[in-house]
Every structure is written in C-alpha cells, then in structure tokens.
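# Breakdown of the fold
Okay, here's what each chain looks like letter by letter:
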Amino acid sequence: MPSRQERAVLTREHLVDTGLALAEETGLAGMSVNLIVEAAGVAKGTFFHHFEGRATFLAALHREFHDQLFTAITRSVAGTPHGRDRLLAATEAYLDHCLRHRGIRALLLEARAEPLVADAIAERNRQACRFLTPDFAAMGWPHPADGAALWNGLVVEAALLELAHRSRRPTTRETLAHFLTR
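Reference entry: report on the structure contained in this document. All figures in this text were calculated on a predicted structure; none of them were measured in a lab. (Residues numbered from 1 in each chain as written. Predicted model: local features only at pLDDT ≥ 70, side-chain atom pairs only at ≥ 80, totals over all residues. Heavy atoms only, no water.)

## Concerning the overall build of the protein
Tallying secondary structure elements over the protein gives 9 helices and 0 strands in all. Counting from the amino terminus, helix and strand elements in the protein follow one another as α-α-α-α-α-α-α-α-α. Oriented by its inertia axes, the alpha-carbon framework of the protein measures out at about 60 × 35 × 30 Å. Accessible surface, the protein: about 9900 Å² in total, of which carbon and sulfur atoms supply 56%. Of the charged side chains in the protein, 21 are positive and 21 negative, and the gap between their average positions amounts to 1 Å. (Helix = DSSP H or I, 4+ residues; strand = E, 2+ residues; numbered from the N terminus. Areas by Shrake-Rupley, 256 points an atom, 1.4 Å probe, with all protein chains shown as cover. Lys, Arg positive; Asp, Glu negative; His and termini not counted. Charge placed at Lys NZ, Arg CZ, Asp CG, Glu CD.)

This is how it looks when you write it as structure tokens:
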C-alpha cells in the first residue's frame, strides 16, 4: 500500500493527467475546477490541497505538456550532431507534438494571460534557447544565442499556423528550413 506522500503525488499526477485530457475537449473557457474534480473523481478540497487555484493548475498543465514535449524533442535528436539537421529534427518533433495535442496547445495559448503561465512560458523559452544555441554555434552563426531565440520564435509561430490550419503545413515547414540556408 502506498504511503500518504506517494498517494498525494499520485493524486496530483491524476489531476494533471485529467486536465490534459479535458483540455483536448473543453478549451480554457470550459476548464472549470468543478469539471476537473468531477472528471478526476475527487473532492474539490482535494484539488485545492494540491493547487492554490486554477492558475497554478494551468501552470502545472503547461509544465507537464512541455516536459513531454522536451522528452520527444530530445529523443528525436539523440545521436545527431549539433547543426542544421539537428535543428530541423527538433523542429519537426516540436511541431508534430503540438499537432498531436492541439487541444492542450490551444488551451495553453489561451492561458498565456495568466502570470504564472506567462512565467512558465518565459522559462521554457530560455530552456529552448539554451538547447538550440549550440546548433547555431556549430553552423558558425556570429551570435548563436540570438539565432536560437529568433528560431524559437519562428517555430512557435509555425506551430500557431498549423494549429489554425488544424494540420501539418508542408509549405510552412519548408519555409522554416529555408531560413537555415546561407
């Protein structure tokens, strides 16, 4: 039998997993605490034991989504040397993950106005830039960190285009790759 602390971790994970599943169906407007606890099969007090409120819950959804995303990206570039091919593989993984989880991605975009989510986004962007900078350095860019920051912004915008289109946009992906030719 799991300890009290282990049960608490499992309950928190269950609430986040439930939120991720609901995000695919409800969007931000429909994501109420009542709906979350009903779908999770827990009391409202249990929710508030784990999260101060809806904003901290949305920040937790953001973290979990991006943890899964970063794992997918890391797997996709394993063994690939730094440079253009690695950037393009990471970009494909990012865009494909966002498309597979359109509802979650859309909910998180809507939630950007929440300060806790905005802070989480800023931290993930810094993490992405640290991850991408060696690729720009390997390609000989004079300012690799700036290149990484700009690339991150381009890829996020490409994901928004695909989200609006509700599918993969080969022309968008081809255009992204073209930005890396010199």
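## Some details on helix H7 (residues 115–138)
Between its first and last C-alpha atoms H7 spans 35 Å; for 24 residues at 1.5 Å apiece the expected length is 34 Å, and the two agree. Along H7, the largest kink reaches about 30° and is centred on Leu 132; proline Pro 134 follows within four residues of it. Elements in contact with the buried residues of H7: helix H4 (54–77), helix H5 (84–100), helix H6 (102–110) and helix H8 (144–165). Positive phi appears at Gly 140, one or two residues downstream of H7, with a value of about 80°. (Expected span 1.5 Å × (residues − 1). Bend = angle between axes of the 7 residues up to and from the residue. Contact = heavy atoms within 4.5 Å.)

## Quick look at the state of the cysteines
Scanning the entire structure with this criterion turns up 0 disulfides. Its sulfur unpaired, Cys 98 is 15 Å from the next cysteine sulfur, which belongs to Cys 129. By relative accessible area, Cys 129 is classed as buried at 17%. (Disulfide = S-S within 2.5 Å. Buried < 20%, exposed > 50% of the residue type's maximum accessible area, 1.4 Å probe, protein only.)

## Quick look at the side chain of Asn 152
Along the chain, the position of Asn 152 falls in helix H8. A relative accessible area of 13% means that Asn 152 is categorised as buried. Those residues in contact with Asn 152 that lie beyond four places of it in its chain are Asn 125, Ala 128, Cys 129 and Leu 132.

## Observations concerning the environment of Val 77
Note on placement: Val 77 falls in helix H4. Distance in space between the C-alpha atoms of Val 77 and Ala 93 is 8.9 Å, their sequence separation being 16 residues. Not counting residues within four places of it along the chain, the set of residues in contact with Val 77 comprises Arg 86, Ala 89, Ala 90 and Phe 131.

## Some remarks on the nonpolar core
Counting 45 residues, the largest nonpolar core has Met 31, Phe 47, Phe 57, Leu 61, Tyr 94, Leu 107 and Trp 151 as its most contacted members. If one sorts the elements of this core by residue count, H4 sits on top with 8 residues. (Core = buried A, V, L, I, M, F, W, Y, C linked by side-chain atoms within 4.5 Å.)

## Here we look at the pattern of salt bridges
For the structure on display, the rule yields 9 salt bridges. Among the salt bridges present, the one from Glu 92 reaches Arg 173, with a minimum N-O distance of 2.7 Å. Linking Glu 92 in helix H5 with Arg 173 in helix H9 (residues 170–179), this pair joins segments that are 81 residues apart in sequence. For Asp 96, the salt bridge identified is with Arg 168, shortest N-O distance 2.9 Å. Note that Asp 96 is positioned in helix H5 and Arg 168 in the loop between H8 and H9, a separation of 72 residues in sequence. Given a relative accessible area of 40%, Arg 168 falls into the partly exposed group. The network of salt bridges with common partners includes Glu 92, Asp 96, Glu 162, Arg 168 and Arg 173. (Salt bridge = Lys/Arg side-chain N within 4 Å of Asp/Glu carboxyl O.)

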